[in-house]
There are 2 protein chains.
Amino acid sequence: MIKTEMIVIGSEFVSGIAAEERSSLLARELSRRGCVVRWKSAVGDTQADIEKALLQAAGRASVIVMFGGLGTIQDSITRKALRRATGVRFVLHEKVLKSLEESPDDLNRPRPANRSGYALLPIHAEIFPNPSGPVPGFGLRWGGSHLIGLPGNADPIERILKESVDPYLSKQFKERSAPLQAVIRTTGLAESQVHPHLNDLTGVRNPVTLGLIPGWAGLDLCFQMAGRPSAESRERLASLLDQIRKRLGEAVYAEGNEDLESVVGRMLAASGLKLAVAESCTGGLIGHRLTDVPGSSAYLDRSVVCYSNRSKIELLGISPELLERHGAVSEPVAAALAEAVRSRSDADLGLAVSGIAGPGGGTPEKPVGLVFFALADRDGVRTSRERFRGERKTVKLEASQKALDLLRRHLIIRKGEKGF
Amino acid sequence: MIKTEMIVIGSEFVSGIAAEERSSLLARELSRRGCVVRWKSAVGDTQADIEKALLQAAGRASVIVMFGGLGTIQDSITRKALRRATGVRFVLHEKVLKSLEESPDDLNRPRPANRSGYALLPIHAEIFPNPSGPVPGFGLRWGGSHLIGLPGNADPIERILKESVDPYLSKQFKERSAPLQAVIRTTGLAESQVHPHLNDLTGVRNPVTLGLIPGWAGLDLCFQMAGRPSAESRERLASLLDQIRKRLGEAVYAEGNEDLESVVGRMLAASGLKLAVAESCTGGLIGHRLTDVPGSSAYLDRSVVCYSNRSKIELLGISPELLERHGAVSEPVAAALAEAVRSRSDADLGLAVSGIAGPGGGTPEKPVGLVFFALADRDGVRTSRERFRGERKTVKLEASQKALDLLRRHLIIRKGEKGF
């Protein structure tokens, strides 16, 4: 494992104006490559701070990855800080100059007067071409460490890593072993329900670190084995995961980064079953999540977002009397929606959601956050209800997760029965 | 403005397993309170690293905000690091102990054997009760700085800031002035198109820092005035924003944090017009975004996610011949979808999207990323097309943004005509 630090440059990241999703993704990708990020600094576009961050990291890390700051209008600041911190001479790299001249203007970046400034890079640096624009990255030996500069706009970041950073690292480090890590993702469990199952498996005498990360998608269990990966530690982690999977049972829906829509998509594709959805309070979120999965058109026929009563009547033939008697947010209406969307599309499965996302619309009997679910197949329909807490967006997210999870659990049973 | 640094504690943040959305939000909220975050460090659950991060920040910042690390199962590590870095004695705080005994078990957190450990906090610290659980935060004078510890699970983070951190800061700092900041959000503009409009407005002689942040939602222009806010700088920023608004015209859709769905929602609500949507490649995303806005049921009637050809025929009466002749991804089909969803729901506006999100399904004539848009009103239908680059999820996001933007621009014209 290679001790790695990241320096994210840009006032917008420090002040929270921009979210750090991309730097999180970069950290994850680096860790997968054996460059385990153990410290991350975000600093503004200030020469002194960038310089301090570089010097501070230099004493501690084998690899320092600088993200951003190379192509902004304040780019000279980062270059000045780099020059002062490293003491390395900057020269115009001919190859970069040439490609700058040859490349057409980037739609998303102006051709500044000093465009050639992008070619001003540390002497002896290895240049990493940027697939997303004219500002390249670089790799540089700096004392006992390696300094890698990556342009903030490289998208997808995986591409520059694969095409340039991987070959560079392979030349510099004979062996790169990623730490043994695993993530088990669960739905429907609270931390307090999980803890008793883990106490005897992790602990002081076990070289496993466990982190519990709760969120709207459920509770994620993150495991990391200490030390260099070995046959023994691999086996140990595998057997630990096995035991946890057994203990938590159906609550486990995925491992690693996989999300619930991908899992459900895989199961639907394997089963050959077709799905139709009727959404009220989730407003399209279930359809959106299902269609984020490539190939989802093979099993998703439609999702009817019937937000008004009128649309429930017109699009799915729900009877006005039923709506009148029970209200749109009710078990009978959820059941009718699931049955109607299934039978009208001749799909195998019909999934429906109706609830009160808030902040308005709640009553003592039907408070904000109350959501009814229904899942219909050719044999009938099953319903359930749940009360979610939190604001509108959270209610929608958690309701969509619950709905997809009902589908997943249904498909597990079907799989057992039909053996697809 | 108070020089502030943040220290985010938790391996999952450093290694990128967890995204840093919440720490970004915290940074934004702190900056709004005059505590301008200029350095952010994320460190793992390692005593030495936490200690180093604290000492490093102590020399530079007036306020140090530690986020997380207080309530995890590794909580003693953070406490040890704090004790060593500050040299402050830790004692059991009676008030916290009492509230721990009185509070019921947190659903999401077990009652550990050493639950009283949560009450072990620096002597003389001011305790910040945590609305989300038993682990409190604290504020502490440390040399010339103030150290604020906030539990990572406090949700919403705004609440503990308002209830505890604000009063604490007010006692310690007579004057807290947030820096003058502004964000202008645009669609349909590339950085290179914006630059010429800004060159004479910002620059060396102007005390304005400008950051351009491109993303799927468009290009955000972030302005920050240097120095202490004054009547003069306020006026200067206001006049700058005025000029930029004028120059960029309709491309400006919002200011600050507002998103496009909220802007469109506001316009729809004001106009009294009703909307129906037909989505193909966006799969429900447009409906999802529109319904993220509280009160959207007042103007959104339905969104028909007709993913299959069959669903386009059955739900919206699209003729099989039209689909056969032009293909589902075509201008005539997009137009037919918009007209059908509008007229069938008797809505004033019908918005439709049909495209190829990829990665499969592209042809030389209709490549991945090609999307057709149509907007129908009672007078007719207008169509447009755009080719998006990027992976499936990005195509969906950018297509949804473009669709909502067409709606926004249409509503601006309508507003001019009808004066609603």
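Residues numbered from 1 in each chain as written. Chains lettered and ligands numbered in written order. Predicted model: local features only at pLDDT ≥ 70, side-chain atom pairs only at ≥ 80, totals over all residues. Heavy atoms only, no water.

A separate point is the sheet that holds strand E15 (residues 349–355) of chain A. One open sheet accounts for 10 strands, arranged E17(A)-E16(A)-E15(A)-E13(A)-E14(A)-E14(B)-E13(B)-E15(B)-E16(B)-E17(B); its pairing is mixed. Each having just a single partner strand, strand E17 (380–387) of chain A together with strand E17 (380–387) of chain B make up the two edges of the open sheet. The mean angle between the axes of side-by-side strands here comes to 10 degrees, regardless of whether they run parallel or antiparallel. Bridge count for strand E13 (residues 275–279) of chain B against strand E15 (residues 349–355) of chain B is five bridges, and the pairing is parallel. Paired with Val 277 of chain B across the two strands is Leu 351 of chain B, which belongs to E15 of chain B. Across the sheet, helix H14 (residues 392–418) of chain A lies against strand E13 (275–279), E15, strand E16 (370–377) and E17 of chain A, angled at about 30 degrees from E16 of chain A, the strand it touches most. (Pairing = 2+ DSSP bridges. Helix = DSSP H or I, 4+ residues; strand = E, 2+ residues; numbered from the N terminus. Axes fitted to C-alpha atoms, helices over the stretch in contact; angles between N-to-C directions. Contact = heavy atoms within 4.5 Å.)

It is worth spelling out the interface of chain A and chain B at this point. Contact with chain A, which involves 76 residues of that partner, is made by 76 residues of chain B. A combined buried area of about 6400 Å² lies between chain A and chain B, and 53% of that area is made up of carbon and sulfur atoms. Our enumeration of links across chain A and chain B arrives at six salt bridges. When the shortest N-O distance is used, the salt bridge between Asp 292 of chain B and Lys 396 of chain A registers 2.9 Å. (Buried area = accessible area lost by both parts, 1.4 Å probe. Salt bridge = Lys/Arg side-chain N within 4 Å of Asp/Glu carboxyl O.)

As a further point, take helix H9 (residues 260–271) of chain B. Along an α-helix, residues three or four apart share an orientation, since each turn contains 3.6 residues. Residues and elements named next belong to chain B. Between its first and last C-alpha atoms H9 spans 16 Å; for 12 residues at 1.5 Å apiece the expected length is 16 Å, and the two agree. Taken residue by residue, H9 has Leu 260, Glu 261, Val 263, Val 264, Gly 265, Met 267, Leu 268 and Ser 271 as its buried positions. Here the buried face of H9 lies against strand E12 (252–255), E13, helix H10 (285–291), E15 and helix H14 (392–418). Positioned one or two residues after H9, Gly 272 has a phi angle of 75 degrees, which is positive. (Expected span 1.5 Å × (residues − 1). Buried < 20%, exposed > 50% of the residue type's maximum accessible area, 1.4 Å probe, protein only.)

With that settled, consider the pairing of E13 of chain A. Residue and element names in this part refer to chain A. Burial of E13 is extensive: five of the five residues sit out of reach of the surface. Burial along E13 is two-sided: the residues Leu 275, Val 277 and Glu 279 and Ala 276 and Ala 278 are all buried. Here E13 runs beside strand E14 (residues 300–306); their pairing, made up of five bridges, is parallel. Note on E14: the bridge partner recorded for Leu 275 is Leu 300.

Residue and element names in this part refer to chain A. Here Gly 358 and Pro 359 are connected by a cis peptide whose omega angle stands at -5 degrees. Considering the arrangement of structural elements, one finds Pro 359 in the loop between E15 and E16. Within the chain, His 124 stands out as a residue other than glycine whose phi angle is a positive 70 degrees. With respect to the helices, strands and loops of the structure, His 124 is situated in the loop between strand E5 (120–122) and strand E6 (126–128). Of note, Asp 346 is a non-glycine position whose phi angle comes to about 55 degrees, a positive value. Along the chain, Asp 346 falls in the loop between helix H13 (331–345) and E15.

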